[in-house]
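Report on the structure
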Amino acid sequence: MLAKLQKWATGRNVIVLVILDLIFMLGVMPYMQLLMALVMNQHPQPIDLSIPTWTPDQGFALIESYGEAGRKLYRTIELTADVVYPLVYGFAFALLITFLVRKIAPTHRWLPYLAFLPLLAMVFDYAENLVIVTLLCTYPEKWVGVAKLGGIFTFFKWILAFAAIGGSVIGLIVWGIKGLSKR
């Protein structure tokens, strides 16, 4: 997998995926939240935006607060836009990290493996989404064990996502400093 990431980590691919990530982060997902707010007549807190995690009680309270139409819309969002978005951010950051490692430390042994952080975040995001959809579909039943798993998945998603973002920012800074020092 690392060899494939290194092959795909061209400047063009990184730019395209980062732009797609920004479109989702700044456009698509906020639009989905706006739709939820309109349907629910409130500004809802999506469960998957709970940082760093959520408890079963918090999750069930949020699900109840959404109302029937809100739960249906949230389920639709989870099964459409939130299926595509983790794929976009996962590969955007994996390729960005791979690209930066190649630029700043091409012979380093373990640094290239940092590219797996956003891909692991993506896997935990999908697991979290599966839990949320399950809880939305089984409401009003409260599957506490499933909800506990969801909170764990959310926690690891955020830890790995923030690590990937932090690594990317550090990599961009180091690359910039290296570029400036060559002048």
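Below or above, wherever it landed, is the structure these notes cover. In this text, all values refer to a predicted model and were calculated from it rather than measured experimentally. (Residues numbered from 1 in each chain as written. Predicted model: local features only at pLDDT ≥ 70, side-chain atom pairs only at ≥ 80, totals over all residues. Heavy atoms only, no water.)

Quick look at the overall build of the chain now. In terms of regular secondary structure, the chain is built from six helices and zero strands. Counting from the amino terminus, the chain carries its helices and strands in the arrangement α-α-α-α-α-α. With the principal axes as the frame, the chain shows a C-alpha extent of 60 × 30 × 25 Å. Here the chain holds 183 residues, and the buried ones make up 43% of them. When contacts within the chain are restricted to residue pairs at least 6 apart in sequence, long-range pairs at least 24 apart make up 81% of them. If you sum the accessible surface of the chain, you get close to 10100 Å²; carbon and sulfur atoms cover 71% of it. Placing the 15 positive and 10 negative side-chain charges of the chain at their respective mean positions leaves the two points 20 Å apart. (Helix = DSSP H or I, 4+ residues; strand = E, 2+ residues; numbered from the N terminus. Buried < 20%, exposed > 50% of the residue type's maximum accessible area, 1.4 Å probe, protein only. Contact = heavy atoms within 4.5 Å. Areas by Shrake-Rupley, 256 points an atom, 1.4 Å probe, with all protein chains shown as cover. Lys, Arg positive; Asp, Glu negative; His and termini not counted. Charge placed at Lys NZ, Arg CZ, Asp CG, Glu CD.)

To continue, consider the nonpolar core. Counting residues in each nonpolar core, the largest one holds 48 residues, and the members touching the most others are Leu5, Ile47, Tyr66, Tyr74 and Leu135. Elements with a contribution of two residues or more to this core: α2 (11–40), α3 (56–78), α4 (81–104), α5 (116–138) and α6 (144–181). Take this core: its biggest share by element is 15 residues, from α4. Excluding anything up to four places from it in sequence, Leu135 contacts Trp54, Phe60, Ile63, Trp143, Val146 and Ala147. (Core = buried A, V, L, I, M, F, W, Y, C linked by side-chain atoms within 4.5 Å.)

Let us now look at the layout of surface pockets. It is a probe the size of a water molecule, rolled over the atoms, that shows where empty space is left. Of the pockets and cavities examined, the largest pocket occupies roughly 530 Å³. Forming the walls of the largest pocket are 25 residues, and the residues nearest its centre are Met29, Leu49, Tyr85, Tyr89 and Trp158. Contributions of two or more residues to the lining of the largest pocket are made by α2, α3, α4, α5 and α6. It is α2 that contributes the most residues to the lining of the largest pocket, seven residues altogether. When grouped by side-chain class, the residues that make up the lining of the largest pocket number 18 nonpolar, one polar and six charged. (1 Å grid on protein atoms, 1.4 Å probe; cavity = no way out; pocket = protein on both sides within 12 Å on 5 of 7 lines; lining within 4 Å. Points joined across faces, edges and corners; volume = space filled by probe spheres on them. Nonpolar A, V, L, I, M, F, W, Y, C, P; charged D, E, K, R; others polar.)

This next bit is on the side chain of Asp82. The residue Asp82 is located in helix α4 in this model. Salt bridges are absent for the buried Asp82, whose nearest opposite-charge side chain, Lys157, sits at 6.4 Å. Setting aside chain neighbours within four positions, we find Asp82 in contact with Met29, Asp48, Ile77, Asp125, Tyr126 and Asn129. (Salt bridge = Lys/Arg side-chain N within 4 Å of Asp/Glu carboxyl O.)

This paragraph deals with the packing of α2 against α3. The geometry of α2 relative to α3 is characterised by a closest axis approach of 9 Å and an angle of 160° between their N-to-C directions. Considering the angle they form, α2 stands roughly antiparallel to α3. For the crossing formed where α2 meets α3, the hand is right-handed. Residues Met32, Leu35, Met36, Val39 and Met40 of α2 form the contact with α3, whose own contacting residues are Tyr66, Ala69, Gly70, Leu73, Tyr74 and Ile77. Class assignment of the residues belonging to the contact of α2 with α3 gives a composition of ten nonpolar, one polar and no charged. (Axes fitted to C-alpha atoms, helices over the stretch in contact; angles between N-to-C directions. Parallel < 35°, antiparallel > 145°, perpendicular 65-115°, else oblique. Left-handed = near helix turned anticlockwise from the far one by under 90°.)

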